[in-house]
Amino acid sequence: MSSLVLVLVCLPFATALVTWMTPVRFSQYLTIAVAMVTFALTLVLLPRVSHSVVTTGSVFRVDALSQVFLLAVSFLYATTALFVKGYLALGDGASARRYGRRFYAGLNLFCWTLITVPLVNGLALLWVALEITTVISALLVALDDTEGAAEAAWKYVLLASLGLGIALFATIMMYYAGTGVHGASYSLSYSTLLSGAARYDPGVIHFSFVLAVLGYGTKMGLFPVHTWLPDAHSEAPTPVSALLSGALLAVSFYAILRFFQIAVLSVGPTFPRDVLLVFGVATLLLAALYLLSQRDMKRLLAYSSVEHMGILAVGMSFGAPIAVVGVLLQVLAHAAAKGTAFFGVGSVVRKFGTKDMAKIRGGVGALPWSGPMLVLAVLALSAMPPFGIFRSEFDIVYGGLLEPRDVIVAIFVVLVILAFFGLSWFTTETMLSPDPSGTQISGGAVLVAKGEVSNWIVSAMVIGLVALLILGVHPPTPLVHLLDHAAFELRGKP
Amino acid sequence: MAPSTYDGVAAVLALLVLLTEFAMLRAPLLRSQVRLYAFQSFVVTGLATYVAASKHIDELYALASLSLVLKVVIVPSLIVRLLRDADTDLAGSSVLGVASSILIALVVAAFGFFAVGSLHVSSSSLPTSSLAISCAIVLVAFVLIILRSDVVSQAIGFFSLENGVSVASLVVATRLPLIVDIAFLFDLLVAVVVFGVIMRVHHARNATLSTSDFDRLRG
Amino acid sequence: MDSLNVSPYGVQAIQVLTVLLGAPLVSGVIAQVEGRLQGRRGPRILQPYYDIAKYFSKETLVSNDSSWVFLVGPIVAFSCYLTVPLLIPVLTTFPLPLGFSGDILGGGFILALAGFSVALSGAESGAPYAQLGSSRAMTFGALIEPTILFVIFAVALITHTDLPYALSATIRSSTSQMVRPSHVFAAAAFFLVVLVDTGRIPVETHSGTLEFGMIDEARTLEHSGPALGLLKWGSTMKQLILYTILINVFLAPWGLASTGKWSSVLLAVTALLGKAMLLGMVFAFIDNLFSKLRLFKITEFIASAFLLAVLSVLVFYVGGG
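Residues numbered from 1 in each chain as written. Chains lettered and ligands numbered in written order. Predicted model: local features only at pLDDT ≥ 70, side-chain atom pairs only at ≥ 80, totals over all residues.

**A look at the overall build of chain C**
Argument step 1. A count of helical and extended segments in chain C gives 12 helices and 0 strands.
Argument step 2. When the helices and strands of chain C are placed in sequence order, the string is α-α-α-α-α-α-α-α-α-α-α-α.
Argument step 3. Relative to its length of 321 residues, chain C is compact, with a C-alpha radius of gyration of 19 Å against a globular reference of 20 Å.
Argument step 4. Counting only C-alpha atoms and orienting by the principal axes, one finds that chain C spans roughly 55 × 50 × 40 Å.
Argument step 5. Across chain C, contacts joining residues at least 24 apart in sequence account for 79% of those joining residues at least 6 apart. (Helix = DSSP H or I, 4+ residues; strand = E, 2+ residues; numbered from the N terminus. Rg over C-alpha atoms; globule rule 2.2 N^0.38 Å. Contact = placed C-beta atoms within 7 Å.)

This is the structure we're talking about:
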């Protein structure tokens with residue numbers, strides 16, 4: 001099993017190196033194959049970590065909590081590889097050259113870093129891994145040679161690096177908290193920290209946890225340090241946006257969860273939960289309000305990601321086990337749903353040639369497969385049954401009512417409904433509106449021919465929706481065991 | 001009572017790092033900001049060497065020499081090369097005048113001082129005031145980034161923030177395993193390279209290093 | 001032996017006399033060094049004495065629009081400059097009898113009174129450049145006040161008292177006191193304050209009469225005769241007083257007489273003048289390294305001095321430093 005972890009780590013990195021040198025056609029198929037294999041390997045790993053921990057040396061460590069995020073990342077890796085095959089084949093010559101080997105190498109490298117984050121053992125290595133994700137994703141955001149992309153890439157790299165600087169401070173303070181128990185020189189591995197956490201100085205832990213939420217929260221998109229998110233996610237190439245929204249935000253949340261785990265053992269559950277509650281509600285409120293006034297499709301989805309990160313934070317602040325299970329399930333379901341939504345948006349953008357929602361009408365008619373699937377994905381994001389997000393948000397609300405935190409739950413539900421309004425406005429306006437070519441009034445909308453853009457994109461979206469259905473209707477038993485065990489780990493028992 | 005001589009010298013060095021941070025608020029030319037950053041990194045290296053010599057921690061020597069090469073030589077030369085290619089030398093005009101910036105940064109630094117001072121952190125390597133000073137350095141670096149409107153000043157603000165975190169790690173994490181420290185340093189180098197790439201992209205696209213028209217994406 | 005001792009009052013009188021008679025010498029040395037650094041021969045070292053004597057032999061011209069304030073101003077300033085040496089540790093390590101009549105804040109007040117009376121008499125004359133100089137001097141003086149206050153706070157926090165003698169004793173006591181950050185930064189801040197108050201580069205050019213940049217020099221443009229002699233003498237005395245505070249309280253409080261013996265008193269006088277000349281050479285050196293700041297940038301400079309002073313107080317509170 002530990003060698004499996006090593007394979008998981010090395011495979012995408014090796015693929016990145018290979019795709020740097022091989023022609024694009026080969027790279028496309030190679031990436032798809034490697035991504036599928038990676039996902040399969042994480043599935044193999046699943047039953048093992050549901051009840052124990054897999055370690056490889058002192059560098060890598062997989063427990064149930066890491067496995068959840070690993071699943072989300074590898075699933076998105078696989079479906080994005082499929083999507084990219086279809087999406088990039090449609091560009092013109094200039095973009096094809098730009099999206100050549102560099103893009104594939106960058107994509108594989110980015111996915112490698114995303115996979116590494118849940119696998120590393122220790123807060124220091126966690127920081128290093130997240131820093132590498134930042135630098136590589138910043139390069140990918142800047143790939144489109146537009147002014148918007150340059151601006152978004154600069155904002156992203158600056159703000160994310162600042163956040164990671166604060167997170168480094170938090171890591172160092174956590175190290176200091178441990179020196180009283182473990183001596184002046186020790187490694188920041190999770191097992192060490194979890195074993196000694198009960199004896200750490202509470203004041204320092206308070207300080208370190210708040211700094212960690214602020215720092216890693218910058219990468220996660222929590223208010224007030226989310227300002228880079230809508231820009232970066234909307235200006236990046238669509239496959240990169242999918243990975244950013246679905247996977248990178250999730251692994252940043254994973255980093256916060258690691259600090260949460262230690263803090264709960266050290267200062268008790270109240271303080272960490274309250275901190276997460278404050279940030280979560282503020283994020284949710286901001287995202288819900290901004291969702292009502294968007295014109296750019298990808299920006300809309302970016303704000304939806306912010307909303308879901310707020311939901312995750314609020315969910316963690318409810319202490320009931322079922323709420324924590326809901327949060328972890330939401331991580332998985334959000335990855336699938338957001339990925340599918342971005343794939344659909346990519347298909348629409350390729351069809352209509354613009355991201356501006358005012359110019360897109362009659363999406364369902366123009367794209368007979370990806371159009372309705374995009375509508376389904378967006379509805380899934382708004383927590384419509386029978387998709388996975390409905391189940392996870394239901395669990396979160398149920399957990400909150402068990403606490404009882406009725407006021408917060410009420411606010412939560414209201415804000416989620418507000419977000420639903422924003423998303424459904426988009427859906428009806430662009431996708432479900434009547435086909436303009438049939439009528440005399442086009443109102444500025446772009447007229448296009450009917451027909452699917454690419455079958456690869458369709459297949460990627462189908463896989464995503466099927467996964468969402470599985471998660472919503474009947475999550476497989478090993479997965480349920482995994483989620484229960486991960487929630488158990490988070491509740492503060494070493 | 002007065003702190004010991006060792007504590008006093010160490011605190012003076014840490015304060016010198018903070019002073020350099022303030023000086024960056026004032027520097028009008030980008031090249032002088034880079035030089036100030038090189039000087040600041042030099043002082044941080046000096047502080048690390050002083051701690052290593054006084055407390056007999058050999059690993060810190062390796063760390064100090066590595067950070068000397070990286071932060072005093074490589075990073076400033078990378079930025080200077082970018083400046084030469086971009087052919088601009090003036091810093092983007094700051095949002096506020098220099099005296100007002102210094103006063104704001106002073107208030108922020110005082111806040112940082114007292115916030116950390118209330119934590120009662122005690123360390124065997126450096127006096128407690130150094131941790132408060134490092135927190136103030138981080139906060140003043142934030143002020144620098146907020147008030148400046150060109151990419152190079154903001155990048156240098158970020159690098160000097162890393163310097164502040166290095167001072168903090170000298171105080172509370174002196175015996176952090178060397179491999180971890182080296183990982184942090186190389187990560188910083190990678191970040192510098194990426195910053196440089198994106199600065200060039202920005203410059204190639206907009207023919208300027210200023211961020212004052214970064215308002216295209218809004219809402 | 002007892003006959004070799006100077007009575008404390010005698011020592012105080014010698015203090016005032018030292019400042020009175022030694023100030024032009026220090027000024028002359030600085031001017032000579034400045035000249036040498038610029039590649040000239042420089043004026044002779046005793047030139048300020050000759051200048052003052054020359055002024056006393058000239059007639060006084062008073063404009064029709066000015067009143068008695070114009071005549072009284074230089075006298076008030078001069079008597080203030082004669083009073084301050086009584087309060088600060090010029091020659092001795094132990095406090096002298098009249099030294100308790102005012103602490104460092106009192107000394108600061110008296111110096112401010114002197115500056116105020118000179119500025120007032122300059123403004124009173126009705127001439128444009130004199131008024132320009134007076135208003136500028138008062139503005140920058142007001143701006144530098146917070147720095148001086150914070151320096152005094154730092155001193156008071158370290159020694160729990162306001163007496164300058166106590167601080168110099170504390171500094172002498174151990175190396176750790178010399179390198180403690182509060183002291184180092186308070187000294188640096190006070191160095192900048194002295195630079196501003198004595199009107200040196202980068203705040204003002206000491207030589208030449210460039211009206212656009214004159215601050216302190218312009219206040220005295222309208223005076224003539226003995227009044228001008230008093231003003232020139234007074235400004236050299238102010239310079240020496242500030243140097244004395246900087247040296248004997250902050251930087252190098254050694255060589256002071258610890259007993260009342262004639263030999264140690266004379267040694268102290270020589271040491272003081274020597275140290276002041278060295279400090280003056282440092283200022284002359286700075287003169288040649290930097291250029292004068294434009295007037296509106298002087299606020300930046302003052303803000304930097306304020307920064308140093310505030311940091312010295314803050315670090316005391318946080319780390320006991």
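**A short note on the overall build of chain B**
Argument step 1. Each helix and strand counted, chain B has 7 helices and 0 strands in total.
Argument step 2. Sequence-ordered secondary structure for chain B, helices as α and strands as β, is α-α-α-α-α-α-α.
Argument step 3. Taken over C-alpha atoms, the radius of gyration comes to 18 Å for chain B, in line with the 17 Å a tight globule of 219 residues would show.
Argument step 4. Its C-alpha atoms give chain B principal-axis dimensions of roughly 55 × 35 × 30 Å.

**Let's talk about the interface of chain B and chain A**
Argument step 1. Contacts between the two partners involve 33 residues from chain B, matched on the other side by 35 residues from chain A.
Argument step 2. Here the side of chain B that touches chain A is composed, by residue class, of 23 nonpolar, 5 polar and 5 charged. (Nonpolar A, V, L, I, M, F, W, Y, C, P; charged D, E, K, R; others polar.)

**A look at the interface of chain B and chain C**
Argument step 1. Contacts between the two partners involve 23 residues from chain B and, on the opposite side, 20 residues from chain C.
Argument step 2. Mapped by element, the contributors of at least two residues to the side of chain B that touches chain C are helix H1 (5-26), helix H4 (98-117) and helix H5 (128-147) of chain B.
Argument step 3. Across the side of chain B that touches chain C, the residue classes break down as 16 nonpolar, 6 polar and 1 charged.

**Some points on the packing of helix H16 (residues 370-381) of chain A against helix H19 (residues 455-473) of chain A**
All names here are of chain A.
Argument step 1. At a closest axis distance of 10 Å, the pairing of H16 and H19 adopts a crossing angle of 35°. Like other packed secondary-structure pairs, H16 and H19 cross with a definite hand, here left-handed. Residues Ser370, Met373, Leu376, Ala377 and Ala380 of H16 form the contact with H19, whose participating residues are Ile457, Val458, Met461, Leu465 and Leu468.
Argument step 2. For the contact of H16 with H19, a count of residues per class yields 9 nonpolar, 1 polar and no charged. (Axes fitted to C-alpha atoms, helices over the stretch in contact; angles between N-to-C directions. Left-handed = near helix turned anticlockwise from the far one by under 90°.)

**Details of unusual backbone geometry**
All names here are of chain A.
Argument step 1. Cis geometry marks the peptide bond from Phe223 to Pro224; its omega dihedral reads 0°.
Argument step 2. Position of Pro224 among the secondary structure elements: in the loop between helix H9 (202-220) and helix H10 (228-235).
Argument step 3. In this structure, the amide linkage connecting Pro385 to the following residue, Pro386, adopts the cis form with an omega of 5°.
Argument step 4. Mapped onto the elements, Pro386 comes out in the loop between H16 and helix H17 (388-402).

**Side note on the confidence of the model for chain B**
Argument step 1. Per-chain confidence: chain B averages 83 in pLDDT, with 93% of residues scoring 70 or above.
Argument step 2. Within chain B, helix H7 (residues 178-206) of chain B has the poorest average pLDDT of any element, 80, and helix H2 (residues 30-55) of chain B the best, 90. (pLDDT = per-residue confidence, 0-100.)

**Structural notes on the arrangement of the chains**
Argument step 1. Ranking the 2 pairs of chains in contact by contact count places chains A and B at the top.
Argument step 2. You won't find any contact between chain A and chain C; their C-alpha atoms come no closer than 17 Å.

**Quick word on the confidence of the model for chain C**
Residues and elements named next belong to chain C.
Argument step 1. Taken residue by residue, chain C gives an average pLDDT of 85. The fraction at 70 or more is 97%.
Argument step 2. When mean pLDDT is taken per element in chain C, helix H2 (residues 47-56) scores highest with 92 and helix H7 (residues 175-179) scores lowest with 75.
Argument step 3. Prediction confidence for the complex, expressed as pTM and ipTM, is 0.87 and 0.91 respectively.

**A word on the packing of H1 of chain B against helix H6 (residues 151-172) of chain B**
All names here are of chain B.
Argument step 1. At their nearest, the axes of H1 and H6 sit 11 Å apart, and the two run at 170° to each other. Classified by the interaxial angle, the pair formed by H1 and H6 is roughly antiparallel. In this structure, the crossing between H1 and H6 has a hand that is left-handed. Mapping the contact onto sequence places Ala14, Val17, Glu21 and Met24 in H1 and Ile156, Ser160, Asn163 and Val167 in H6.
Argument step 2. Counted by class, the contact of H1 with H6 contains 5 nonpolar, 2 polar and 1 charged residues. (Parallel < 35°, antiparallel > 145°, perpendicular 65-115°, else oblique.)

**A closer look at the nonpolar core**
General note: in soluble globular proteins, nonpolar side chains tend to be found buried as a group.
All names here are of chain A.
Argument step 1. Counting 391 residues, the largest nonpolar core has Val68 and Ala72 as the members making the most contacts within it.
Argument step 2. A per-element tally of this core places helix H7 (residues 147-182) first, with 23 residues.
Argument step 3. Excluding residues that lie within four positions of it along the chain, Val68 makes contacts with Leu328, Val331, Leu332, Leu482, Leu483 and Ala486. (Core = buried A, V, L, I, M, F, W, Y, C linked by C-beta atoms within 7 Å. Buried ≥ 20, exposed ≤ 12 C-beta atoms within 10 Å, placed from the backbone.)

**Concerning helix H3 (residues 68-83) of chain C**
Count 3.6 residues to each turn of an α-helix, and residues three or four apart come out pointing the same way.
Residue and element names in this part refer to chain C.
Argument step 1. Taking 1.5 Å of rise per residue, the 16 residues of H3 would be expected to cover 22 Å, and the 23 Å separating its terminal C-alpha atoms lies within 8% of that figure.
Argument step 2. All of the buried residues along H3 are Phe70, Gly73, Pro74, Ala77, Phe78, Cys80 and Tyr81. In a view along the axis of H3, the buried residues occupy a sector of 160°, so they form one face of it.
Argument step 3. Tucked inside the fold, the buried residues of H3 contact helix H4 (104-124) and helix H10 (226-251). (Expected span 1.5 Å × (residues − 1). Arc of directions from axis to C-beta.)

**Remarks on the environment of Thr42 of chain A**
All names here are of chain A.
Argument step 1. With respect to the secondary-structure elements, Thr42 resides in helix H2 (residues 24-49).
Argument step 2. With 24 C-beta atoms packed within 10 Å, Thr42 lands in the buried category.
Argument step 3. Along the backbone, Thr42 and Trp228 are 186 residues apart, and their C-alpha atoms lie at a distance of 31 Å.
Argument step 4. In this structure, Thr42 is in contact with Leu8, Leu70, Leu71 and Ser74, ignoring residues within four places of it in sequence.

**Regarding helix H13 (residues 297-317) of chain A**
Argument step 1. Along its 21 residues, H13 of chain A runs 31 Å from first to last C-alpha, staying within 8% of the 30 Å computed at 1.5 Å per residue.
Argument step 2. Counting buried positions over the 21 residues of H13 of chain A gives 21, a clear majority of the element.

**Some words on the environment of Ala188 of chain C**
All names here are of chain C.
Argument step 1. Positionally, Ala188 belongs in helix H8 (residues 181-197).
Argument step 2. For Ala188, a count of 19 C-beta atoms within 10 Å corresponds to the partly exposed category.
Argument step 3. For Ala188 and Gly22, which are 166 residues apart along the polypeptide, the C-alpha to C-alpha distance reads 25 Å.

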